[in-house]
Amino acid sequence: MCIDCPDGTYGSSVGLEACVLCPKGYSGNNKDEGSLNDMCTACPKGMYSDALGLKQCLKCKKGTWSNVYNATSSSTCTDCELGTTGPQEGATDKSSCSPCVAGRFASAPGHAGAECDKCAKGRYQDQTYGTVCKACGYGRYSVEEGLSNAARCQNCPAGRWSDVLIAERSSNCQPCAAGKYSTEIGLGVDPNAPRSISD
């Protein structure tokens, strides 16, 4: 009994003892009889086939995209650039990479996900396409993640100061020494260039 060529193969002539595997760059998932072009389908953009006889083409992973038709390798999938993220598999264009919004960042190419990473406590990012978050700075701190501007960093209160560049808690603000005071808020002391506390 003669049987249909299975998915991932084709039979282009009569009298075959075995069907031929679909080549790389193609997949075979239909039961039509005939040639390579009849039974094997070229991988569309955003997908690839890196082995013989695949039943389905493979999607480029999240964080990448490809505009290559009939691709034979995952190397055709290009990473989204720094400061962007790729939320979907099988993306076909660079425009599918979304810019990081303020308060978030992507420090490496090929970031995958619906959103970029949040800025950590003690940091902020006030621009889109952020690749690194900025420090709140001396005399300031933040207990929140994902701050979108410097104004959301909190100042050390009067009578306290901080020489911590990236402070994550109010306890980083140290009290003025005995016998000294300060009416200034957000007072910072850089350990590389110390400032004296107001008498």
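Please refer to the structure placed before this passage.
Quick caveat, the model's predicted, so the values are computed rather than measured. (Residues numbered from 1 in each chain as written. Predicted model: local features only at pLDDT ≥ 70, side-chain atom pairs only at ≥ 80, totals over all residues. Heavy atoms only, no water.)

### Focus: the overall build of the protein
At step 1: The secondary structure content of the protein amounts to one helix and 19 strands.
At step 2: Relative to its full complement of 199 residues, the protein shows a buried share of 38%.
At step 3: Counting contacts in the protein only where the partners sit at least 6 residues apart, residues at least 24 apart contribute 49% of the total.
At step 4: With an accessible surface of roughly 11300 Å², the protein has 49% of that area assigned to carbon and sulfur atoms. (Helix = DSSP H or I, 4+ residues; strand = E, 2+ residues; numbered from the N terminus. Buried < 20%, exposed > 50% of the residue type's maximum accessible area, 1.4 Å probe, protein only. Contact = heavy atoms within 4.5 Å. Areas by Shrake-Rupley, 256 points an atom, 1.4 Å probe, with all protein chains shown as cover.)

### Examining the side chain of Ser-27
At step 1: Locating Ser-27 in the fold gives a position in strand 3 (residues 26–27).
At step 2: Every residue in contact with Ser-27, bar those within four places of it in the chain, is listed here: Cys-22, Met-39, Cys-40, Thr-41, Leu-54, Lys-55, Gln-56 and Cys-57.

### Describing the pattern of salt bridges
At step 1: Scanning all chains against the criterion turns up five salt bridges.
At step 2: One salt bridge in this structure joins Lys-94 and Glu-81, with 2.9 Å as the shortest N-O distance. With Lys-94 in the loop between strand 9 (84–85) and strand 10 (98–99) and Glu-81 in the loop between strand 8 (78–79) and strand 9, the pair connects residues that are 13 residues apart, well separated along the chain.
At step 3: You can call Lys-94 partly exposed: its relative accessible area is 44%.
At step 4: Assessed through its relative accessible area of 45%, Glu-81 is described here as partly exposed.
At step 5: In this structure, Arg-169 and Glu-168 form a salt bridge, with 3.9 Å as the shortest nitrogen-oxygen distance.
At step 6: The exposure class of Arg-169 is partly exposed, given its relative accessible area of 44%. (Salt bridge = Lys/Arg side-chain N within 4 Å of Asp/Glu carboxyl O.)

### Some remarks on the side chain of Arg-104
At step 1: Structurally, the position occupied by Arg-104 is in strand 11 (residues 104–105).
At step 2: One polar contact links the side chain of Arg-104 to the main-chain carbonyl oxygen of Cys-116, over a distance of 2.6 Å.
At step 3: When neighbours within four sequence positions are excluded, Arg-104 is seen to be in contact with Glu-115, Cys-116, Asp-117, Lys-118, Cys-119, Gln-125 and Gly-130. (Polar contact = N/O pair within 3.5 Å; in protein donor to acceptor, adjacent residues only side chain to side chain.)

### As for the state of the cysteines
At step 1: Applying the stated rule across the entire model yields eight disulfides.
At step 2: Across the disulfide from Cys-60 sits Cys-77; the S-S distance is 2.0 Å. Note on the Cys-60 and Cys-77 pair: the S-S dihedral is about -75 degrees, so by sign convention the disulfide is left-handed. Pair noted here: Cys-60 is in the loop between strand 6 (58–59) and strand 7 (64–65) and Cys-77 is in the loop between strand 7 and strand 8, with a separation of 17 residues, a long-range link.
At step 3: Here Cys-136 pairs with Cys-153 through a disulfide, and the sulfurs are 2.1 Å apart. The disulfide joining Cys-136 to Cys-153 has a torsion of about -70 degrees about its S-S bond and is therefore left-handed. Residue Cys-136 is located in the loop between strand 14 (134–135) and strand 15 (140–141), and its partner Cys-153 is located in the loop between strand 15 and strand 16 (154–155); the two are separated by 17 residues in the primary sequence.
At step 4: A relative accessible area of 7% places Cys-136 in the buried class. (Disulfide = S-S within 2.5 Å.)

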